[in-house]
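Topology and contacts: notes
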Amino acid sequence: MSKLELDEDLVRKLSDLLEETGLSEIEYEAGGHRIRVARNAVAQIAAPAAPLPQSAPAETKAQAPAGDAVPENAITAPMVGTAYVAAEPGSPPFVSVGDEVREGQTLLIIEAMKVMNPIPCPKAGRVSRILVHDGQPVEYGEPLMVID
């Protein structure tokens, strides 16, 4: 294990980024070392970095495509955030598998930085697969659902 020399400028930049974005913590990894900066917490340094566990439930993983392949006709996440399939807890979902959808119809919501962003349907069709569950964190470009 190599000794990590603390890059104070990097820590300051990460801290400034926390303030700008309103995030509570941020993690940076390079060269087998990981730096985590969090508000009201001590920065942690870990080496070598371990892969992060997947938090998706088994049924979501089973529906998701193998590898990094994006299914044809997939609607992908335009941002990083938390996906919600209904307008509020206890409400019916915006769409279900088998539903006919029209262009512009809200398919789901992605919450990013405390802003609720409706994700519109880009074309008319039928929902054939929903690849996320309510409250699931999503990454930019991650497939959300398939419209045929």
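Use the structure listed above.
The following refers to the structure shown.

The subject of this paragraph is the sheet that holds strand β9 (residues 125-130). Sheet architecture is open: 4 strands sit in the order β4-β11-β9-β6, paired in antiparallel fashion. Only two strands of the sheet have a single partner each, and these edge strands are β4 (74-76) and β6 (100-101).

The subject of this paragraph is the environment of Val-132. Inspection of the secondary structure puts Val-132 in the loop between β9 and β10 (136-138). Considered as a pair, Val-132 and Leu-108 are 24 residues apart in the sequence and their alpha carbons are 9.9 Å apart.

In this model helix α1 (residues 8-21) runs 20 Å from its N-terminal to its C-terminal C-alpha over 14 residues, within 8% of the 20 Å that 1.5 Å per residue would give. Considered for burial, the residues of α1 that qualify are Leu-10, Leu-14 and Leu-18. Buried positions in α1, seen along its axis, are confined to an arc of 85° and lie on one side of it. Exposed residues on α1 whose side chains face more than 90 degrees from its buried face are Asp-9, Arg-12, Lys-13, Glu-19 and Glu-20. Directly beyond the C-terminal end of α1, a positive phi value near 80° is found at Gly-22.

Within the open sheet, the 4 strands sit side by side as β8-β7-β5-β10. Their pairing is antiparallel. Where the open sheet ends on each side, the last strands, each with one partner, are β8 (115-120) and β10. For this sheet, the mean angle separating the axes of adjacent strands, direction not counted, is 35°.

Turning to unusual backbone geometry, a few remarks are in order. In the Ramachandran plot, Asn-73 falls in the positive-phi region, its phi being about 70° despite a non-glycine side chain. Mapped onto the fold, Asn-73 is located in the loop between α2 (58-63) and β4. Here Lys-114, not a glycine, exhibits a phi torsion of approximately 65°, which is positive. Structurally, the position occupied by Lys-114 is in the loop between β7 (106-112) and β8.

Conventions and cut-offs
- Residues numbered from 1 in each chain as written.
- Predicted model: local features only at pLDDT ≥ 70, side-chain atom pairs only at ≥ 80, totals over all residues.
- Heavy atoms only, no water.
- Pairing = 2+ DSSP bridges.
- Helix = DSSP H or I, 4+ residues; strand = E, 2+ residues; numbered from the N terminus.
- Expected span 1.5 Å × (residues − 1).
- Buried < 20%, exposed > 50% of the residue type's maximum accessible area, 1.4 Å probe, protein only.
- Arc of directions from axis to C-beta.
- Axes fitted to C-alpha atoms, helices over the stretch in contact; angles between N-to-C directions.

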